[in-house]
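Structural overview
What follows is the residue order along each chain.
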Amino acid sequence: MAQESPKNSAAEIPVTSNGQLEDSHEHNFNRDLKRSLPVGLGLSETKITSHGFDGTKEGVVEAGPFPGKGSSASPKSSVISPSNAAASRLAGQGCDLIIPTGGRTQQKGGPVVLADEVKNPAMEKLELVRKWSLNTYKCTRQIISEKLGRGSRTVDLELEAQIDILRDNKKKYENILKLAQTLSTQLFQMVHTQRQLGDAFADLSLKSLELHEEFGYNADTQKLLAKNGETLLGAINFFIASVNTLVNKTIEDTLLTVKQYESARIEYDAYRTDLEELNLGPRDANTLPKIEQSQQLFQVHKEKYDKMRNDVSIKLKFLEENKVKVLHNQLVLFHNAIAAYFAGNQKQLEQTLKQFHIKLKTPGVDAPSWLEEQ
């Protein structure tokens, strides 16, 4: 070398007993390296070697000559060429080094653990709102186009006819229910009046000796009519409760399924229309992904529509069977009770209630009847 450095150009790198570099001397080694290469020295080559226990060469750091201030050449980058033994020790420390044949080292990251993607609740909600808005827009456009007569709609003639009949029957049953409730209210008022009239006749029968028998007959008659009226009222109220359950629960549940079916039908037609419009347009690199996505959405809504149509058909079938059974029993009850009451056949009226397992509350037993509470 042309000129001696104040520090030795080669420095020993102390190692621990297991062959690993001591972390406490790493900083001193880098500092000695910088001091050994002061600015302005025309060193042609500087080598720093470190030896292990076997005395083999661990690595060489080569630095080219530094240019002067007037030189336009850029300084050469340092090249570190570790040996195979050094590479094996560094690998034992957790560093993963790849030593190419060209002498350059490339550092490779350690094992990468892929964690689950963190889901942002705000982004999820935003995506749900976006999908809902898009679906609402398509369905609204479909409904408007159908009302204006511009869009086509899928129609199941047999199923639509059954739904129309069901809605029409529901209105008629609601009218029957309303009239039966009116009859029950009026009958209750009549029974209440008859009971009061019977009490008045009985009171006059005790106070008027001359008309004791006449007042007594009328009192007994009014009380008998009031008793039969209570029996008839129980039958009518049972009829009202059964028809109300049929109309406002069973039929209403079926109509709720019908509404879901109609919503699925509108969505199906909306996405069908979108797919048809895309198929009529040009096919290029931009439109093919849209067509494929639209085809997938169309298939999803088609399956939903088919499922809802099948559900409606099944519910309509079971509803018809249940309706016939319930109304048959209730209409027989209503007819027999009304006929027995106006015929004055008390035994037939009571037998009718027993036939349908209707129990009336007896006044004065455990608790007063709801008629007396009025």
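Residues numbered from 1 in each chain as written. Predicted model: local features only at pLDDT ≥ 70, side-chain atom pairs only at ≥ 80, totals over all residues. Heavy atoms only, no water.

**Some remarks on the overall build of the chain**
Along the chain, the regular secondary structure elements total eight helices and four strands. Its helices and strands taken in sequence order, the chain reads α-β-β-α-β-β-α-α-α-α-α-α from the N to the C terminus. Within the chain, buried positions represent 28% of all 374 residues. In the chain, the proportion of contacts linking residues at least 24 apart, taken out of those at least 6 apart, comes to 66%. Of the roughly 25,900 Å² of accessible surface on the chain, a fraction of 56% belongs to carbon and sulfur atoms. (Helix = DSSP H or I, 4+ residues; strand = E, 2+ residues; numbered from the N terminus. Buried < 20%, exposed > 50% of the residue type's maximum accessible area, 1.4 Å probe, protein only. Contact = heavy atoms within 4.5 Å. Areas by Shrake-Rupley, 256 points an atom, 1.4 Å probe, with all protein chains shown as cover.)

**Some details on the confidence of the model for the chain**
Atom-level detail of predicted coordinates should not be read off regions where pLDDT is low. Chain-level pLDDT for the chain is 74 on average; 64% of the residues reach the 70-or-more range. Put simply, strand β3 (residues 96-98) is where the chain has its lowest mean pLDDT, 42, and helix α4 (residues 157-207) is where it has its highest, 93. Low pLDDT, under 50, characterises residues 94-116; the predicted model gives this stretch 21 contacts beyond four residues in sequence or across chains. Considering only residues more than four positions removed or in separate chains, one finds that residues 370-374, a stretch of pLDDT under 50, has nine contacts. (pLDDT = per-residue confidence, 0-100.)

**Here we look at the UniProt feature "coiled-coil region" (unreviewed entry) in the chain**
As recorded in UniProt, the sites labelled "coiled-coil region" (unreviewed entry) are residues 156-183 and 291-322. Counting secondary structure, residues 156-183 comes out at 96% helix and 0% strand; the distance between its end C-alpha atoms is 41 Å. (UniProt positions renumbered as here; feature names shortened; annotations may be inferred.)

**Here's the deal with the pattern of salt bridges**
Inspection of every chain in the model, using the stated rule, returns 21 salt bridges. The residue R309 makes a salt bridge to D156 at a minimum N-O spacing of 4.0 Å. Of this pair, R309 sits in helix α6 (residues 287-343) while D156 sits in the loop between α3 (121-147) and α4, and the two are 153 residues apart along the sequence. Linking E174 and K170 is a salt bridge whose minimum nitrogen-to-oxygen distance equals 2.5 Å. Of the two residues, E174 and K170 both sit in helix α4, four residues apart, roughly one turn of that helix. Relative accessible area serves as the criterion here: at 33%, E174 is assigned to the partly exposed category. Note on K170: relative accessible area 12%, which makes it buried. One network of salt bridges, in which partners are shared, links E146, R153, R265, D269, R272 and E276. (Salt bridge = Lys/Arg side-chain N within 4 Å of Asp/Glu carboxyl O.)

**Details of the side chain of E267**
Tracing the sequence through the fold places E267 in helix α5 (residues 212-280). Dropping the residues within four chain positions of it, E267 is found in contact with N135, C139, H301 and K304.

**Side note on the nonpolar core**
Across soluble globular proteins, nonpolar side chains show a tendency to be buried alongside one another. Counting residues in each nonpolar core, the largest one holds 42 residues, and the members touching the most others are I163, L187, I251, Y261 and V312. Counting residues per element, the ones that place at least two in this core are α4, α5, α6 and α7 (346-355). Ranked by residue count, the leading element in this core is α5, at 17 residues. When residues no more than four places from it in sequence are discounted, the contact partners of I163 are V258, Y261, V312 and L316. (Core = buried A, V, L, I, M, F, W, Y, C linked by side-chain atoms within 4.5 Å.)

**Digging into the side chain of S145**
Examined against the element boundaries, S145 turns out to sit in helix α3. Since its relative accessible area comes to 16%, S145 is described here as buried. Excluding residues within four positions of it along the chain, S145 makes contact with R150 and G151.

**Let's talk about the environment of N310**
Within the secondary structure layout, N310 lies in helix α6. Taking C-alpha positions, N310 is 9.3 Å from Y261, a pair spaced 49 residues apart along the chain.

**Some points on the packing of α3 against α5**
Between α3 and α5, the least distance of the axes is 9 Å, while the angle of their chain directions is 90°. Judged by the inter-axis angle, α3 sits roughly perpendicular to α5. Listed contacts from α5 to N135, K138, C139, R141, Q142, I143 and E146 of α3 are R265, I266, E267, D269, A270, Y271, T273 and D274. Here the residues of the contact of α3 with α5 sort into five nonpolar, three polar and seven charged. (Axes fitted to C-alpha atoms, helices over the stretch in contact; angles between N-to-C directions. Parallel < 35°, antiparallel > 145°, perpendicular 65-115°, else oblique. Nonpolar A, V, L, I, M, F, W, Y, C, P; charged D, E, K, R; others polar.)

**Some remarks on α5**
Taking 1.5 Å per residue, 69 residues should reach 102 Å; α5 reaches 98 Å between its end C-alpha atoms and fits that length. Taken as a whole, α5 carries its principal kink of about 35° at E252. (Expected span 1.5 Å × (residues − 1). Bend = angle between axes of the 7 residues up to and from the residue.)

**Concerning the packing of aromatic side chains**
Applying the stated criterion across every chain yields a total of six aromatic pairs. Taking 6.1 Å as the distance between ring centres and 35° as the angle between the ring planes, the aromatic pair formed by F201 and F215 counts as tilted. Taken as a pair, F201 in helix α4 and F215 in helix α5 lie far apart in primary sequence, 14 residues in all. When its relative accessible area of 17% is taken as the criterion, F215 is described as buried. (Phe/Tyr/Trp six-rings, centres within 6.5 Å; stacked < 30°, edge-to-face > 60°.)

**Remarks on the packing of α5 against α6**
Direction vectors running N to C along α5 and α6 enclose 165°, while the axes themselves pass 8 Å from each other. Classified by the angle their axes make, α5 and α6 are roughly antiparallel. For the element pair α5 and α6, the recorded crossing hand is left-handed. Considering only residue class, the contact of α5 with α6 consists of 32 nonpolar, 13 polar and twelve charged. (Left-handed = near helix turned anticlockwise from the far one by under 90°.)

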